[in-house]
Each structure stands twice: as structure tokens, then as C-alpha cells.
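# Descriptive analysis of the structure
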Amino acid sequence: MVDYEVTVFTGNNVNATTFNIVFIKLVGTDGESEREHLVSLRGASVASFSVTCPTSIGELVLVEIDKKPLLLFPEDSWFLSKVEVKSPEGRTFTFPIYRWISDSMVHRFRAGKETEHKLCFSLSWNVYVEGIPHCMKADSPQSLPCEVRFSFIKQTEFLFTSTTGSGPHILPHLSLFFYVKLFQTSFPPSLSRLKELQLKGLADRKERWTNIDDIDRVFCCKRTDISEYIQQHWREDAFFGYQFLNGLNPTMIRRCKALPSNFPVTDDMVQIHGQGSLSEEIEVICLKLKQEPANDNPIFFPTDSEYDWLLAKTFVRSADSNVHQLNFHLLRTHLLAEVFSVSLLRNMPMVHPLYKLIIPHTRYTLQINFLARLRLISKEGTSGGEGMITILRSSLSSLTYSSLCMPEDIAERGLEDVPNFCYRDDGLKLWDIIHRFVQGVLGYYYKTDVDVQQDSELQKWLLDIFEHGFLGQTGTGIPQRFTTVNELIKFVTMVVFTGSAQHAAVNSGQYDFGGWMPNTPLTLQLPPPTKKGEATEKTLLNTLPDVNATVQGLATLWLLSQQSSDFVPLGHYPEDHFTEETPCRIMKEFQRELEVLSGAIKKRNEHLEVPYTYLDPVEVENSVAI
């Protein structure tokens, strides 16, 4: 008789343990064990026991696990993290699982790097609106697979933050009591801040602002160092220009080698207004608010009256904000990250190396996008409407693969040598670090191009992305098939970068730059000015969002900028999907490189008037989780 020492690890999620009867069977190359009852498992987070076999069953390839409820007790859900088995020969086999088991079916899990096991999620695509990336078909967050839903902590904090800021109070008082008792904490900071807005009686007021200083009544509820700086400097031309490099939308600006034909500005016009030459000046020298030249479409200069120029800049900031939110934030990070995630879950078995590599970078993405469609971009949401769909369709039609790959994007926009461009500097370093990590891990599993070409799961994953994310548009440059290892490495680098670093760059600073509403008004109430010399402070105030819209916008930005208690920074992997020595070593090197970069960014920021923190690896979340 020989003994196999089995250790079962239950996740640390709330309610992850099981009180059902659990059974296990070990399957090896030379035989299998009997189906054994795990007596010591009930309610335990880690449990060890022995499975006895008449003789050695060879190299372990599979464990079979199932559970049954006790008589008169309900069937519960159990989050099984992993199973480790030490053979009589002294070898340890690890089976990474990280799944909820909620039924009485027999579940089979393999070890190692084999990719033929077809344990994928049964998911369907859904066409939310024609002309934009497809999404996962789901009726509610509860219909999502348990593994991709919010944790209890995330769910509780998100509901508190979102419902107390602007919407109806849907959380029962019992949930609040349970939250406070379970975590022995006071109200989440976001709850008190957003509740304060309603206590001030501003959430339902629909009148316009009568004085810029009155907006401070909302702004005072929550300030950051950067938002306070912006309140002091938002009128300045230098800061107006700065935001296109290191603000919320650093992905729009590009080098202009020649003026568009519909922008009739000459050197003489610029010199008349004291701005030097077009070929020499890189600061903001003039603005035009509509596309076609016309008598009712004046060109604005810094030498115009204070409110003519400020009003023109306000329209530009609002337009840039809307393009940022819909194109560079929603489409290019949230919607694409969902496509990458759904395709992964549909096509990749859990033991596939690509699944192990990418799954941490999909955490919470499906549920946060479901909620975004429900609360923000639906017809009933705060940002929905036909105009939004028009912008999304237009943005997708012009999206290219190269624009999603940061080194190529920076080069195409001609911004390689622009000074003081922190987004570029930090982003390129992050891209390189992620690329080396991906190259190391995938290079371990794919030795030749033929290995890539013959991996059917890999090819299906990519084709699903091409067809459902980019709607089969060949002009995007998205590949339909991987033919080389390098193609695979580049694409996976883009996937990881998009869901982590790029999302952080366009999301994390939303409250910093939008908390002082006049700097980034999400909506405007008047059309662009058609004449000069008529704008006053009252004109500006009548153009800005009213009190109610300001409060709603502030609440939304506060929600989208929050870091949850179970935030997982880039490079941290709480779940041990990889068990082989080489990938684990490469992961440690990845983490060390990120630590070095973080230290360099912090040191640089000490000397900046406006620190750029959004791509500091410790501030970058592993996935699109908010």
C-alpha cells in the first residue's frame, strides 16, 4: 500500500468554505485511486489527509472532485483554490483551480502545462448595439460566472459609493450593519463624501450657477492635491496645454506638420495677436470650435477678451472630455478588455498557459462593464443616447492595432521628442517591462512558430477577438491568425497593457482633473459662440452644467476614481496559476522591474509642480476593475 498526501486549499473569499461532503479521486498514468471522502475539509481553509492506493498510480495527471450536501442541509458554493498532492516518490503535483463549485457534478482538473483539457466557460456573445464591440450575454450580475463577479468587499464598497452619490438608496440597512460588523470599520470614505452632497441639498437643484466661487460648495466635499492645484490654475493657457500631454486624455494630441485646409490661420494672423510664428510656437495660439470656416465660426486668440478666450477653451475642454470618455476610455479600454476576457473564457482551457497569463488581467471587468451599460451608457443612464453611439461607431471605424501598441502610437503621432511628456515616458517603460514578462512566459511554452500555428485554442481566441471586438474590419490591422511567436507576444503585451496601464492612464485621474468642474465640464448648455466681444462671466456660467448636473458628474467621477480595498496592483498575482519554476521566476523578475520603475517615478515626481502618478506601477490596477 502507498499513501498520497493531499492538501486542499480553499479561497479566502467571503463564504468560500463548504460544509458539504467532498470527494476526491486521483488519476495517474498507471491507474487511479478510489473515490475518497475528505472528512477533515468541512469549513476549513486548508485541509490535509492521505489517499491510500494498493500500488503507485504513476505520474498524476488529473484530480476528480465532487461534493454532496448533507441530509436536510442545502447545497452550498465552495471556492476551491488549488490541490497539492505529494506522491510516495516524493514529487509534488499542483492543480491550480480557482473556481467556484456550486453543484454535485464531478469536476476534473489537470496539472502542468497541457492544453488539451476542454474546461472552458460556457459564454455567449451579445450585440448590445450594432457597430460597437460585442459584449457578454448576461441578464444581471448574478448571471455572470461566479469566478468573474465582484468579491463581497468590492460589491459592498461599489454599491455604497454608487448608490449614495446620485441614485436611489437600494442597499438595505442590514447590509450596512453587516459591512460594519464584518470588517470592523466605519462608513467607506466615499459614502460620507457623496452623502454630504445630498445633505447640502444640491443633488436636486436644477438652476444654473450664479458665481464661479459658488461651485466651491460642491468641490469642498472632496479635494485632492491635484484638484486643488487645478482650481488655482485652470484658467491659465500653460496648464490648458499641459493637460493634453499629462492630463486625462494624453492620447489625442499629435504633431501637426501642416495646418488643415479648414483651419485658415496664417503667420500674419498669429503675429498680429502677439503669438510669434506658427513654425516656432508650440503653446496654444488659437482655437476654432467648429469644422468649416464661416462668418459665425470665429478663430479665438489669447489676446481676445478674457471671457471670449476662456469660453473658447471651455468648449475645447468639454469636447476633449467627451471624446476621452467615449473613445479613449470606454471603447479602447473597457469594451476591448471585455472582448479579450470573454474570448479567453470561451476558448481557453484553464490549464492553458495563455489563460494563466491573462486571467488575472480580466478581474471584475465583465461585471463593471455590465454595470456601466446598465447605469451609464444605456438610454436610462447618465451618459446614454444616440450621440454616444454615433461617437463609438465612428471611433471603432478609425481604431487601428498600431494605436493600441504604445511604441507605435507615440511614433505615429510624432511625439518621440516632445519634452515633459510623462505619460509617454512612463508608459513606454511599462510597455517594455510587460513585453519582457510576456516574452519570457510565452517563450517558455512556445519554442517555435509551428507551436503557435498548431495551437487551435490560441487561434480561436484571436479570431473571436477579431470578429466580435473589431467586427471583422481588416482595416484595423488586427491579425486574424498568429503565425509567429513574436506576433503572439506583441498581441498579448497589448492585451495586458490595455487592461492595466492604459486604463489607469485614462481613468485614475478623473476626479483630479474633473473635480473642479469648470476645468472639465462633461456637458454644456449653450452652443459655441458665433461672435467675439459678447462673452461675459454670466455667459460662461450659463454655458456650464447646472447645479444638479455638476453634482451628478462629480459623484460619477468620484466613483470611477476610487480604489477598492481589494485593489490588486500590476504584477501582483494572489492566485498561483503557474506552478512551473521558470514562469514563477519570470514573474518575480517582472515584479522587481516594476518596483524599480515605481521608485524612479516617485523620485521624478518630487521635482514636478504637478506630479504624474497614474502610471506608477503601485497605482496601476491589474485589470479594468472600475
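Residues numbered from 1 in each chain as written. Predicted model: local features only at pLDDT ≥ 70, side-chain atom pairs only at ≥ 80, totals over all residues. Heavy atoms only, no water.

## Looking at the UniProt feature "binding site: Ca(2+)" (unreviewed entry) in the chain
The feature "binding site: Ca(2+)" (unreviewed entry), as given by UniProt, occupies Asp-76 in the numbering adopted here. Here Asp-76 is to be found in the loop between β6 (60-68) and β7 (78-86). Sequence-distant contacts of Asp-76, that is, excluding residues within four places in its chain, are made with Thr-17, Thr-18, Phe-19, Asn-20, Lys-67, Ile-101 and Ser-102. A polar contact of 2.7 Å, which involves the side chain of Asp-76, links it to the side chain of Thr-18. (UniProt positions renumbered as here; feature names shortened; annotations may be inferred. Helix = DSSP H or I, 4+ residues; strand = E, 2+ residues; numbered from the N terminus. Contact = heavy atoms within 4.5 Å. Polar contact = N/O pair within 3.5 Å; in protein donor to acceptor, adjacent residues only side chain to side chain.)

## Considerations on the sheet that holds strand β1 (residues 2-10)
Spatially, β5-β1-β7-β8 is the arrangement adopted by the four strands of the open sheet, whose pairing is antiparallel. With one partner strand each, in any of the chains shown, β5 (46-53) and β8 (92-101) form the two edges of the open sheet. Direction aside, the axes of adjacent strands within the sheet are offset by 20 degrees on average. When β7 meets β8, the two strands line up antiparallel, connected through eight bridges. Residue pairing in the sheet places Val-83 in a bridge with Phe-95 of β8. (Pairing = 2+ DSSP bridges. Axes fitted to C-alpha atoms, helices over the stretch in contact; angles between N-to-C directions.)

## Considering the UniProt feature "site: Essential for stabilizing binding to COTL1" (unreviewed entry) in the chain
UniProt marks Trp-100 with the feature "site: Essential for stabilizing binding to COTL1" (unreviewed entry), using the numbering shown here. Sequence-distant contacts of Trp-100, that is, excluding residues within four places in its chain, are made with Asn-13, Val-14, Asn-15, Ala-16, Ser-77, Trp-78, Phe-79, Cys-146 and Glu-147.

## A closer look at the confidence of the model for the chain
Residues shown with low pLDDT carry predicted positions that ought not to be read at fine detail. Residues with a pLDDT of 70 or more make up 86% of the chain, whose mean pLDDT is 87. Counting interchain partners and residues more than four positions distant, the pLDDT-below-50 stretch residues 113-119 has 24 contacts. Within the model, pLDDT remains below 50 along residues 276-281, and this stretch shows 11 contacts once partners closer than five positions in the same chain are excluded. (pLDDT = per-residue confidence, 0-100.)

## Examining helix α17 (residues 485-507)
Owing to its 3.6 residues per turn, the α-helix aligns residues three or four sequence positions apart on the same side. Between its first and last C-alpha atoms α17 spans 32 Å; for 23 residues at 1.5 Å apiece the expected length is 33 Å, and the two agree. The principal kink in α17, of about 50 degrees, is found at Thr-498. Within α17, 20 of the 23 residues are buried, which leaves it mostly tucked inside the rest of the structure. (Expected span 1.5 Å × (residues − 1). Bend = angle between axes of the 7 residues up to and from the residue. Buried < 20%, exposed > 50% of the residue type's maximum accessible area, 1.4 Å probe, protein only.)

## Considerations on the packing of aromatic side chains
Under the definition given, this model contains 20 aromatic pairs. Seen in terms of ring centroids, Tyr-401 and Phe-491 are 5.8 Å apart; in terms of plane orientation they differ by 50 degrees. Their pairing is tilted. Here Phe-491 lies in helix α17 and Tyr-401 lies in helix α12 (residues 401-404), a separation of 90 residues in the sequence. Phe-491 shares its class with Tyr-401; the two are buried. Centre to centre, the rings of Trp-431 and Phe-497 are 5.3 Å apart; their planes meet at 65 degrees, and the pair counts as edge-to-face. (Phe/Tyr/Trp six-rings, centres within 6.5 Å; stacked < 30°, edge-to-face > 60°.)

## Describing the environment of Lys-257
If you trace the backbone, Lys-257 turns up in the loop between α6 (237-246) and α7 (267-272). A residue is classified by how much of its surface remains accessible, and Lys-257, at 82% relative accessible area, is exposed. In the structure, Lys-257 is positioned 157 residues away from Gly-414 in sequence and 9.4 Å away in space, judged by C-alpha atoms.

## Focus on helix α8 (residues 306-347)
Taking 1.5 Å of rise per residue, the 42 residues of α8 would be expected to cover 62 Å, and the 58 Å separating its terminal C-alpha atoms lies within 8% of that figure. By the largest-angle criterion, Leu-330 marks the main kink of α8, which is about 50 degrees. Most of α8 sits inside the fold, with 37 of its 42 residues counted as buried.

## A short note on the environment of Arg-254
Relative to the helices and strands, Arg-254 is located in the loop between α6 and α7. As a C-alpha pair, Arg-254 and Phe-244 span 10 residues in sequence and 9.7 Å in three-dimensional space. Apart from residues lying up to four places away in sequence, Arg-254 is in contact with Glu-412, Arg-413 and Leu-415.

## Overview of unusual backbone geometry
The backbone of Tyr-98 shows a phi angle near 50 degrees, a positive value even though the residue is not glycine. Its place among the elements puts Tyr-98 in strand β8. Non-glycine residue Asn-420 carries a positive phi angle of around 60 degrees. Assignment of secondary structure puts Asn-420 in the loop between α13 (406-412) and α14 (422-445).

## Overview of the pattern of salt bridges
Side chains that differ in charge, positive against negative, can pair when their charged atoms come close. Evaluation of the coordinates by the stated rule reveals 29 salt bridges. Asp-576 serves as the salt-bridge partner of Lys-82, at 3.4 Å between the closest nitrogen and oxygen. You can see Lys-82 sitting in strand β7 and its partner Asp-576 sitting in the loop between α20 (547-560) and α21 (581-605), a full 494 residues away along the chain. When its relative accessible area of 37% is taken as the criterion, Asp-576 is described as partly exposed. Measuring nitrogen to oxygen at the nearest pair gives 3.6 Å for the salt bridge that ties Asp-320 to Arg-317. With Asp-320 and Arg-317 both in helix α8, this residue pair falls three residues apart, about one helical turn. Both residues of the pair, Asp-320 and Arg-317, count as buried. Salt bridges linked by common partners bring Lys-25, Glu-32, Glu-64 and Arg-108 together as one network. (Salt bridge = Lys/Arg side-chain N within 4 Å of Asp/Glu carboxyl O.)

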